[in-house]
Amino acid sequence: MTTQAPVETLDLEDIQGFIMRSYPLPCARYVYVHIDDKQVNAARSTLEKLTELVTASTVWPDATGLEHALNIALSFKGLMALGLPTSSLISFPSAFAEGMARRKILLGDEGASDPSKWDKVWQDSNADPKKSIHLWLAVFAADESKRDSYYSQLAKLLGLGSGMSVLGFEDAGRLKDPTTQQYVNTEHFGYRDGISDVEFKGMPFPHVDGRGKLMPDGSWVPLATGEFLLGYPDESPENPLAPIPHLLARNGTFMVVRKLHQNVASFRCYLNEQSKKFPGGKELLAAKFVGRWRDGTPLTLSPDKQDPILADDVNRNNSFTYKDDRDGSRCPMGAHIRRMNPRDAMLFSKLADRRRIIRRGLTYGVHTPEDQPGNDTDEHGIMFLVMNSNFERQFEFVQQQWVHYGNDFFQGDDKDPLLGNNDGKGKMVIQGDSKTDRAPHICTGLPSFVNTRGGDYFFVPSLTALRQIALGIISTI
Amino acid sequence: MSNLAGKAYALSVLSPIKPWTTWINQAVLLYSLIQGRISKTESNLKKLTFIHYARWQVVYRDNWLGEPPGQVKYNYLLFFSNFNGTWDQYIDAFSDVVPDRLNLIWRWSVKFPGSVPVTPFKGYIRLNQYDTDYYYNAYPGAATTDVKAAIFLKQSLDKFAATNKDLDPAAFKLAYNKFLISIQNSLMSTGAGPRFTERHQAASELKGAPYVN
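The model shown is predicted, which means the values in this text are computed figures rather than measured ones. (Residues numbered from 1 in each chain as written. Chains lettered and ligands numbered in written order. Predicted model: local features only at pLDDT ≥ 70, side-chain atom pairs only at ≥ 80, totals over all residues. Heavy atoms only, no water.)

Further remarks concern the overall build of chain B. Scanning chain B from terminus to terminus reveals eight helices and five strands. The order of helices and strands in chain B, counted from the N terminus, is β-β-α-α-β-β-α-α-α-β-α-α-α. Dimensions of chain B, computed from the C-alpha atoms along their principal axes, are close to 75 × 45 × 35 Å. Within chain B, the proportion of its 213 residues that are buried is 48%. Sequence-distant contacts in chain B: of pairs separated by 6 or more residues, those separated by 24 or more amount to 73%. (Helix = DSSP H or I, 4+ residues; strand = E, 2+ residues; numbered from the N terminus. Buried < 20%, exposed > 50% of the residue type's maximum accessible area, 1.4 Å probe, protein only. Contact = heavy atoms within 4.5 Å.)

What follows covers the domain arrangement of chain B. All names here are of chain B. Each assigned domain of chain B is listed here: domain 1 (4-130) and domain 2 (144-206). In this structure, domain 1 and domain 2 have C-alpha centres spaced 34 Å apart. Contacts between the two partners involve seven residues from domain 1, matched on the other side by nine residues from domain 2. For the pair domain 1 and domain 2, the summed buried area comes to about 630 Å², and 58% of that belongs to carbon and sulfur atoms. At the boundary of domain 1 and domain 2, one finds zero salt bridges. The interface formed by domain 1 and domain 2 includes three residue pairs in polar contact (both at pLDDT 80 or more). A breakdown of the residues in the side of domain 1 that touches domain 2 according to their chemical character gives two nonpolar, four polar and one charged. (Domains from an automatic or database assignment. Buried area = accessible area lost by both parts, 1.4 Å probe. Salt bridge = Lys/Arg side-chain N within 4 Å of Asp/Glu carboxyl O. Polar contact = N/O pair within 3.5 Å; in protein donor to acceptor, adjacent residues only side chain to side chain. Nonpolar A, V, L, I, M, F, W, Y, C, P; charged D, E, K, R; others polar.)

For an α-helix the count is 3.6 residues per turn, leaving residues at separations of three or four pointing the same way. Residue and element names in this part refer to chain B. Of the positions making up helix 2 (residues 40-47), those classed as buried are Glu 42, Asn 44 and Leu 45. On an axial view of helix 2, the arc spanned by its buried residues comes to 165°, and they lie on one face. Away from its buried face, by an angle of more than 90 degrees, helix 2 presents the exposed residues Lys 40 and Lys 46. Considering only its buried residues, helix 2 is in contact with helix 1 (22-38), strand 3 (51-59), helix 3 (87-97) and helix 4 (99-106). (Arc of directions from axis to C-beta.)

This part takes up the pairing of strand 8 (residues 358-364) of chain A. All names here are of chain A. With respect to burial, strand 8 is a largely interior element, five of its seven residues being buried. In this structure, strand 8 lies alongside strand 9 (residues 381-388), joined through seven bridges in antiparallel fashion. From the neighbouring strand, Arg 360 faces strand 9, where its bridge partner is Leu 385. (Pairing = 2+ DSSP bridges.)

This paragraph deals with the environment of Pro 129 of chain A. Within the secondary structure, Pro 129 of chain A is located in the loop between helix 6 (120-127) and strand 3 (135-141). Between the C-alpha atoms of Pro 129 of chain A and Tyr 30 of chain A, which are 99 residues apart in sequence, the distance is 20 Å.

This part covers the packing of helix 6 (residues 144-163) of chain B against helix 7 (residues 169-183) of chain B. Between two packed helices, the angle of one axis relative to the other and the distance separating the axes together describe the packing. Residues and elements named next belong to chain B. The N-to-C vectors of helix 6 and helix 7 enclose an angle of 165°; their axes lie 10 Å apart at closest approach. Taken together, the axes of helix 6 and helix 7 are roughly antiparallel relative to one another. You can see that helix 6 and helix 7 cross each other, and the crossing is right-handed. Residues Phe 152, Leu 153, Ser 156, Leu 157 and Phe 160 of helix 6 touch helix 7, and the partners they reach there are Phe 172, Ala 175, Tyr 176, Phe 179, Ser 182 and Ile 183. Residue classes in the contact of helix 6 with helix 7 are distributed as nine nonpolar, two polar and no charged. (Axes fitted to C-alpha atoms, helices over the stretch in contact; angles between N-to-C directions. Parallel < 35°, antiparallel > 145°, perpendicular 65-115°, else oblique. Left-handed = near helix turned anticlockwise from the far one by under 90°.)

Counting residues at the interface gives 44 residues for chain B and 38 residues for chain A. In total, about 3,400 Å² of surface goes out of reach between chain B and chain A, with carbon and sulfur atoms giving 55% of it. When the buried surface of chain B facing chain A is broken down by residue, Asp 96, Gln 184 and Asn 185 of chain B rank first, second and third, together holding 17% of it. Remark: the boundary between chain B and chain A carries four salt bridges.

Attention shifts here to the side chain of Arg 292 of chain A. All names here are of chain A. In this structure, Arg 292 sits in the loop between helix 10 (282-290) and helix 11 (308-312). Here Asn 317 takes part through its backbone oxygen, which lies 2.8 Å from a polar atom of the side chain of Arg 292. A polar contact is formed between the side chain of Arg 292 and the side chain of Asn 318, at a distance of 2.8 Å.

Once that is clear, we can look at the pattern of salt bridges. The full count for this structure, using the stated rule, is 43 salt bridges over all chains. Bridged by salt links that share partners, the residues Glu 98, Arg 102, Arg 103, Glu 392 and Glu 396 of chain A form one connected network.

Okay, the packing of helix 9 (residues 264-275) of chain A against helix 10 of chain A next. Residue and element names in this part refer to chain A. It is the contact of helix 9 with helix 10, at a shortest axis distance of 9 Å, that shows an interaxial angle of 120°. Between helix 9 and helix 10, the crossing angle belongs to the class labelled oblique. In the crossing of helix 9 with helix 10, the sense of the turn from one axis to the other is right-handed. Residue-level contacts link Phe 267, Tyr 270, Leu 271, Asn 272, Gln 274 and Ser 275 of helix 9 to Lys 282, Leu 285, Ala 286 and Phe 289 of helix 10. Residue classes in the contact of helix 9 with helix 10 are distributed as six nonpolar, three polar and one charged.

Judged by nonpolar contacts, the single largest core of 160 residues is most densely connected at Phe 18, Tyr 30, Trp 136, Phe 200, Met 255 and Phe 289 of chain A together with Leu 11 of chain B. Other than its neighbours up to four places away in sequence, Trp 136 of chain A contacts Phe 18, Tyr 30, Val 31, Tyr 32, Asn 71, Ile 72, Ala 73, Met 255, Val 257, Leu 385 and Phe 458 of chain A. If you look at the next biggest cluster of nonpolar residues, it comprises seven residues, including Phe 160, Phe 179, Ile 183 and Leu 187 of chain B. (Core = buried A, V, L, I, M, F, W, Y, C linked by side-chain atoms within 4.5 Å.)

The next thing to look at is the environment of Phe 348 of chain A. All names here are of chain A. In this fold, Phe 348 is placed in the loop between helix 12 (336-340) and helix 13 (350-353). According to the relative accessible area criterion, Phe 348 is buried, its value standing at 12%. Taking C-alpha positions, Phe 348 is 9.2 Å from Pro 216, a pair spaced 132 residues apart along the chain.

Residue and element names in this part refer to chain A. Splitting chain A by domain gives domain 1 (17-204 + 221-258 + 455-471) and domain 2 (263-355 + 390-449). Placing the centre of domain 1 and that of domain 2 at their C-alpha centroids yields a distance of 29 Å. Counting residues at the interface gives 28 residues for domain 1, matched by 29 residues for domain 2. Summed over both partners, the interface of domain 1 with domain 2 comes to about 2,500 Å²; 52% of that surface belongs to carbon and sulfur atoms. The interface formed by domain 1 and domain 2 includes seven salt bridges. For Arg 192, the salt bridge goes to Asp 312, with nearest N and O atoms at 2.8 Å. Taken together, the connections running from domain 1 to domain 2 amount to 16 residue pairs in polar contact (both at pLDDT 80 or more). At the level of secondary structure, the elements contributing two or more residues to the side of domain 1 that touches domain 2 comprise helix 4 (94-98), helix 5 (104-107), strand 7 (253-262) and strand 12 (450-460). At four residues, strand 7 tops the list of elements feeding residues into the side of domain 1 that touches domain 2.

A negative phi angle is the norm for most residues apart from glycine, just as the trans form is the norm for most peptide bonds. Residues and elements named next belong to chain A. Cis geometry marks the peptide bond from Trp 60 to Pro 61, where omega comes out at 10°. Locating Pro 61 in the fold gives a position in the loop between helix 1 (40-53) and strand 2 (68-74). For the peptide bond that leads from Ser 236 to Pro 237, omega is 0°, which places it in the cis range. Within the secondary structure layout, Pro 237 lies in the loop between strand 6 (220-221) and helix 8 (246-249). With a phi angle near 75°, Asn 185 is a residue other than glycine that sits in the positive phi range. In this fold, Asn 185 is placed in the loop between strand 4 (164-173) and strand 5 (213-214). You will see that Asp 437, though not glycine, has its phi angle at about 60°, which is positive. Note on Asp 437: relative accessible area 22%, which makes it partly exposed.

As C-alpha cells, then:
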C-alpha cells in the first residue's frame, strides 16, 4: 500500500490563514496591485512590510474575535517583477505562467465569458504590461467600517515611493437584506453557500465526516496534505509539482481568482417558467439543479423536503455517498454538487480524491429579495477563490471535464446547469424514480446563469517564502 | 497525424521485455484475462465511461515485419488502448485504481518504475508511447458511452413501440413513464465535447456528426 509520510502537525505560523478555512469575517476587499519593476527595491521593502501584517493559520482553530485579516498572493508576472531568478521562474507550472485568460479554451470562457468581455482591470492586466496585476491583497473585516479603516492603513503603505500602485479593488461580503440590513446567509440565487469544505491532514480542526476521502470500509479520512499545500506528499503519493527552491514552495499553494457574474433575472425567470412544467414544484427544481435544497439539505439524504436541522449539522450535511442513488433519482447525475465532488459516483471514489479543490467565495453586489424578478445587468455575483496544488489536475480538470462536459456521469455534452456556459441551448435530465414511477423531467433551453468577468492564477506563498522574495534572496544555486 | 480523433484518444505503447522473462509476462496476461472475468474491480473498471478499450499483447522479436530474425534484441509488450477524456485522466485512473495489476503486467518490461507514484509511471508511458499516424473515428461527436446509450435507447424504443400499441391512454401513460425511467440515463447530448486547443474545436466541428440514428 501507499507509504505516505505522516503529517502530524503543520507549521501554522508559516501558512496563510485563509487556506485553512473562511474567516468568520463577512466583509472583504480584494485589491489589485501593480509592481513597478524599475523600483524593485522599494517594492520588495513594501512587500516586507505587508508580510508582517499577513494573517497566518495560527488564528485557527478558533478565529472568533478576529477583527480583520490580510492575505497576499502573487501572479507569475508579479514574481517576474519582483526579480525572481529565471531558474526559479521556469520551475513554476506552465498553467500558472500562462494565466487564466490564456486557458480560456480549457475553462469554457467563451461567448459572454470571453476574456475580451472581462472587467477593465482584468482586460488591462492581460493587455498592458504597465497595468498587470502582480499582487493580490485580500482584506477581510468584521464590518465595512473596520474594513475601510484597515484598508486606509494599507493604502498608505502602497503610496508614493512604495514601488507599488493600486490598479483597483473589488468589495465583497455576505449578502444583506436591503431593508432590514440583516445577513441573509445565501448567494444571489438563494442557495446557502460554503457548506462543502475539504479536510486534509494536519488541519487544526476536529475531524468531520464527508470532507476528506471515502475509504473502502465507508469511513472518511482527511486527504493528503499535498493535494492542497506544496511540499507534502499528495494522494499519488508524491510531492506535487512545485517551484524551486523548496523553501519557496513549501507551505504555499496555487489559487484561482475568478469573478463570476450571476444573471439573477435569467435564473429566477427560468426557474419560474420551468417549474410550471415540473411536477415537484419550484423549490424541488432549484434543489435538483444543485443536489441540495436551497437551505443546504443534501437531496441524497432528504429527497422530499428541506431539513433545517440536517442542513445546519456540520457532521451530517456532507456525510453522504451516492451508493444508494446510482441512477440519480435523488441527486440528479448532472447536478452541480455531484459534478464538483463526485464522491463515489464513478464507483471508484479514488477517482474523485485527486480532483478536490478548496473553495472560498464571497458574494459581491446587492441582494435582490426573493419576491422580485431581479436583473442580469447589475454588478452581482461571487468572487470565487479556489486553492489547489495543481491547476491542471484539479481546478482545470473539474472545470473542463465535469462542469463543461459530463461523460464521466453519463451526461455526454450536457453541462453543469448552474456554472455551465450554456448559451440558451443547455439541457439537464432530472432523473425520475423507478420506485414511485415518477417520470424523468428534461430541462431544455438552459441559458448561462453565470458569466466569467475576470480573474487569474496566483501563487499563495508561505510567510517564509514571502520574506525570502521580499529580501531578494531566492536562489536555486 | 494526431492521437485524437473526435472525442477518442488512441494510445499505443511498446515496452521492451527481456526475452528470458517473456514467458512469465505471457502467464501473467493469461492470468489477468481469467481474473478479469471474475473480479469485481475489473467489472467496475469496465463500467467507467471513459475507457473504450484496452489490450496487452506480447510481440515476439522474431515476428517484427521487415526485420530479419536476430536483429531485434528484445521482445515487446504492446499496450493498445482507446479512451475518451484526457491522457492524464486515463493514466491517473489506472494508477489510482489498479496499481497492483499494472505492476504485475509491466514489471517484466525493462526499467519499469512501477505504477505508483504516478509521475515516473507517466514518464515511462510517454517514453515508450508511439504517436498515431492515422486514426479514424466514425462518431467524432460521441464517446463510446454515448454510442452504447444510443443503441440501447433505439432498441428500447422499438421494443416499447411494438409491445404497447393497443393500450388505452391511461395505461399508455403509465407504461410510457416506466419506459422513460428505463432510458433516462441514455439521453445525454453529443457534440464537440471538451477542447484542448482552438484548432481542436474546428477539427471536430468539420467532422461534424454528433451521433444521430
